[in-house]
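Each chain is listed here by its residues.
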Amino acid sequence: MPSRLPADYHTHTPLCKHAEGEPEAFVNRAIALGLAEYGISDHAPQIPEPFDDWRMDEEELPDYFEWIQKAREQAAGRIEIRAGLECDWLPGNEAWLNDLASRYPWDYLIGSVHYLPEPERPWDFDNPAWLGKWSQIDVDEAWEKYWKAYAEMARSGLFDILAHPDLIKKFNYRPEGDLRRFYDPVIEAIASSSAAIELNTAGWHKACEEAYPTLEFLTLARQAEIPITLSSDAHAPEELGRDFEKGISWLKQAGYTSTCLFRGRERSSRPL
């Protein structure tokens, strides 16, 4: 069956300790949906270990490679299977990220900001375990830290795709006023890089009830000619390709006419 939907490159496996499903189920779902390609991009290990409890450990990387291979065997040429990682951007993390990049013939690497700097340890601000902290902090300051980190991640040049650009809004804590004061410098940083961003549909199922990023950010990204992928951030087979029709509508509203494909860390485009 010919593909009718863009590739879904941001997906997870049970190795991250908060996802479920077997490779065969993901592949079957991707084929049934008519996805252009199915990409696997679980949460990468982070040193020093144990770092947290929602990612694979370094010793599990061979299991991850085996998971990818099983997916390719199940696909049997019916759909392209792409291999990636979702890697966290943290200060001083570049050497470790380059190490991970050398471990496998990846098709793409996704960069994410899940942590804000704190005196004791980085704060994984999107973790529901720390939701109560949001009512105790300065939201403007948190947003400033987030977008500064996001711009630094873009300028690093280490990633092919930059994930869920405004994840900071997940629990619907947003500063007052015009948010372009946060968006514009980051758009400039991303546009000067070689990275794509993603429209991540998972946000429609979180407290913010809005995809990542907002339509305003998406429109600014298109005006700056920043490439785009569409992703589900699936943590179970039934979430694969979720809300892609709605996502395509948003992409078209923002002015996009194509999405990205990746192979061997080389980017091409596919018309919407």
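Everything here concerns the structure above.
Predicted model only: the values in this text are computed from it and were never measured. (Residues numbered from 1 in each chain as written. Predicted model: local features only at pLDDT ≥ 70, side-chain atom pairs only at ≥ 80, totals over all residues. Heavy atoms only, no water.)

Trainee: Any chance you could explain the pattern of salt bridges here in plain terms?
Mentor: Opposite charge on two side chains lets them pair, provided their charged atoms get close. All chains considered together, the criterion is met by 20 salt bridges. A salt bridge links Arg 103 to Glu 58; the nearest nitrogen and oxygen atoms lie 2.7 Å apart. Highlighted residues: Arg 103 in the loop between α3 (94–101) and β3 (108–112) and Glu 58 in the loop between β1 (37–40) and α2 (61–75), separated in sequence by 45 residues. On the basis of relative accessible area, Arg 103 is assigned to the partly exposed category, the value being 31%. (Salt bridge = Lys/Arg side-chain N within 4 Å of Asp/Glu carboxyl O. Helix = DSSP H or I, 4+ residues; strand = E, 2+ residues; numbered from the N terminus. Buried < 20%, exposed > 50% of the residue type's maximum accessible area, 1.4 Å probe, protein only.)

Trainee: How should I be thinking about the environment of Glu 49 in this particular structure?
Mentor: Tracing the backbone shows Glu 49 in the loop between β1 and α2. In this structure Glu 49 touches Met 56, Asp 57 and Glu 58, once residues within four positions along its chain are discounted. A distance of 2.7 Å separates a polar atom in the side chain of Glu 49 from the backbone nitrogen of Glu 58. (Contact = heavy atoms within 4.5 Å. Polar contact = N/O pair within 3.5 Å; in protein donor to acceptor, adjacent residues only side chain to side chain.)

Trainee: Is there a simple way to explain helix α5 (residues 180–191) in this structure?
Mentor: Each turn of an α-helix holds 3.6 residues, which means side chains three or four residues apart point in the same direction. Compared with the 16 Å implied by 1.5 Å per residue over 12 residues, the 16 Å span of α5 between its first and last C-alpha is a close match. Turning to α5, its buried residues are Phe 182, Tyr 183, Val 186, Ile 187, Ala 189 and Ile 190. For α5, the angular spread of buried residues about the axis comes to 160 degrees, placing them on one side. Contacts made by the buried residues of α5 are with α4 (139–156), β6 (161–162), β7 (196–200) and α6 (215–223). (Expected span 1.5 Å × (residues − 1). Arc of directions from axis to C-beta.)

Trainee: Please clarify how the environment of Ile 248 should be interpreted in this entry.
Mentor: By secondary structure assignment, the location of Ile 248 is in helix α7 (residues 244–254). Between the C-alpha atom of Ile 248 and that of Ser 258, which follows or precedes it by 10 residues, the distance is 9.7 Å. Beyond its immediate stretch of four places on either side in the chain, Ile 248 contacts Leu 5, Pro 6, Leu 230 and Leu 272.

Spatial relationships are all this shows, so hold off on functional conclusions.
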